[in-house]
Amino acid sequence: MAEQTKIPRRSFFAGLGLVAAAGVAAKLAPESATSVLTNAISPQEPEGDSYRLTEHIKKYYRTTTI
């Protein structure tokens, strides 16, 4: 029974270590690398008189993220 509880606990701590390492790596990454990822994820503005991504809409999106 003790061996069964050690394996999930070890995998939990290993996963926690990976998440922590990824967070540190993202924090220490050069600004150019993180801005490239941000630009790749952000949607492009459409042409014409349709929806515009303005500053107040960006602020709203930032406040609604978890």
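Residues numbered from 1 in each chain as written. Predicted model: local features only at pLDDT ≥ 70, side-chain atom pairs only at ≥ 80, totals over all residues. Heavy atoms only, no water.

**Some words on the overall build of the protein chain**
From N to C terminus, the protein chain includes three helices and zero strands. Beginning at the N terminus, the succession of helices and strands in the protein chain can be written as α-α-α. Across the 66 residues that make up the protein chain, the buried fraction comes to 2%. Only carbon and sulfur atoms are counted for the fraction: they give 66% of the accessible area of the protein chain, which is about 6,200 Å². (Helix = DSSP H or I, 4+ residues; strand = E, 2+ residues; numbered from the N terminus. Buried < 20%, exposed > 50% of the residue type's maximum accessible area, 1.4 Å probe, protein only. Areas by Shrake-Rupley, 256 points an atom, 1.4 Å probe, with all protein chains shown as cover.)

**Some details on the packing of aromatic side chains**
We describe a pair of aromatic rings using the distance from one ring centre to the other and the angle between the two ring planes. Throughout the structure, instances matching the rule amount to two aromatic pairs. Judged by centre distance (5.4 Å) and plane angle (65°), the ring pair of Phe 12 and Phe 13 falls under edge-to-face. Taking the relative accessible area as the measure of exposure, Phe 13 reaches 49% and is therefore partly exposed. Both rings, one in Tyr 60 and one in Tyr 61, keep their centres 6.0 Å apart while their planes meet at 50°; by these two values the pair is tilted. (Phe/Tyr/Trp six-rings, centres within 6.5 Å; stacked < 30°, edge-to-face > 60°.)

**Quick notes on the confidence of the model for the protein chain**
Detailed reading of the predicted coordinates is not advisable wherever pLDDT is low. Of all residues in the protein chain, 65% attain a pLDDT of 70 or more, and the chain-wide mean is 75. Looking at the elements of the protein chain, mean pLDDT is at its lowest for helix 2 (residues 31–41), recorded as 57, and at its highest for helix 3 (residues 55–64), recorded as 89. (pLDDT = per-residue confidence, 0-100.)

**Looking at a nonpolar patch on the surface**
Residues Phe 12, Phe 13 and Leu 16 make up a contiguous nonpolar surface patch of about 330 Å² in total accessible area. A relative accessible area of 52% places Phe 12 in the exposed class. (Patch = residues over 30% accessible without salt bridge, like charges linked within 9 Å, V, L, I, M, F, W, Y side chains within 5 Å. Salt bridge = Lys/Arg side-chain N within 4 Å of Asp/Glu carboxyl O.)

**Notes on the pattern of salt bridges**
Scanning the model with the defined rule gives one salt bridge in all. Close ionic contact of Lys 58 with Glu 55 constitutes a salt bridge, the shortest N to O distance being 3.6 Å. With Lys 58 and Glu 55 both in helix 3 and three residues apart, the pair spans about one turn of that helix. On the basis of relative accessible area, Lys 58 is assigned to the partly exposed category, the value being 31%.

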